[in-house]
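Here's the letter readout for the chains.
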Amino acid sequence: MSLRIHRRWFWTVILGLSLGALAACSDNLIGPQNQLEVTNATDNFQWQVSALESVSQTLNYTWQNTGTSANVNQSASISGGSATLTIRDADGTEVYSRSLEENGTFQTTAGTSGIWSIDVVLSGTAGTLNFRVQKP
């Protein structure tokens, strides 16, 4: 009976350590080495991060837009994975969604002024990302 309990305990510990190691490998988040910079001012939001290596993370921000649309300037160099920027107006309506691999200046559709949400979804992303969202 005692041997059976020790075997069960042994395999439980091994399973727990294995799952912990697996989880640690899959949680590659933005850290100080990536120099995340966020400027969040009324009518002007700027975000940049560098030297990402297989980062999977979702970042959510709220932003005050006194207008009904915004200009979005994207500049990125992505060497792996994907990154998506999604913007919703004060009513929660999606007014913009685009891969951050697409560089250029774009415009959101018209929305409601007020507190907008800005979501960045990184999935195994490697590279450097930069974007601005500004009231026209």
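What counts and how
- Residues numbered from 1 in each chain as written.
- Predicted model: local features only at pLDDT ≥ 70, side-chain atom pairs only at ≥ 80, totals over all residues.
- Heavy atoms only, no water.
- Helix = DSSP H or I, 4+ residues; strand = E, 2+ residues; numbered from the N terminus.
- Buried < 20%, exposed > 50% of the residue type's maximum accessible area, 1.4 Å probe, protein only.
- Contact = heavy atoms within 4.5 Å.
- Areas by Shrake-Rupley, 256 points an atom, 1.4 Å probe, with all protein chains shown as cover.
- pLDDT = per-residue confidence, 0-100.
- Pairing = 2+ DSSP bridges.
- Core = buried A, V, L, I, M, F, W, Y, C linked by side-chain atoms within 4.5 Å.
- Phe/Tyr/Trp six-rings, centres within 6.5 Å; stacked < 30°, edge-to-face > 60°.

Caption draft 1: Region of the structure containing the overall build of the protein. What the protein contains, in helices and strands, is one helix and six strands. Residues counted as buried form 34% of the 136 residues belonging to the protein. Of all intrachain contacts in the protein linking residues separated by at least 6 positions in sequence, the fraction that spans at least 24 positions is 68%. Carbon and sulfur atoms form 53% of the exposed surface of the protein, whose accessible area is close to 7900 Å².

Caption draft 2: Fine view of the confidence of the model for the protein. Counting all residues, the mean pLDDT for the protein is 88, and 80% of those residues have values of 70 or more. A low-confidence stretch, residues 17-25 stays under pLDDT 50, and its non-local contacts, those more than four residues away or across chains, total zero contacts.

Caption draft 3: Fine view of the pairing of strand 1 (residues 37-41). As paired elements, strand 1 and strand 2 (residues 44-65) share five bridges and run antiparallel to each other. By the bridge assignment for strand 2, Thr39 is matched with Gln46. If you look at the hairpin formed by strand 1 and strand 2, you'll find two residues sitting between the two strands, and Asp43 has a positive phi there, around 70°.

Caption draft 4: The nonpolar core, seen in detail. Ranked by internal contacts, the top residues of the largest apolar core, which has 27 residues, are Trp47 and Leu129. No other element matches the eight residues that strand 2 contributes to this core. Setting aside residues no more than four positions away along its own chain, Trp47 makes contact with Ile30, Leu36, Glu37, Val38, Leu59, Tyr61, Val120, Leu129, Asn130 and Phe131.

Caption draft 5: Expanded view of the packing of aromatic side chains. A complete count under the given rule lists four aromatic pairs for this structure. Measuring from centroid to centroid gives 5.9 Å for Trp63 and Trp116, while their planes differ by 90°, and the two rings are edge-to-face. Here Trp63 is found in strand 2, whereas its partner Trp116 is found in strand 6 (residues 114-134), with 53 residues between them in sequence. Each member of the pair Trp63 and Trp116 is classed as buried.

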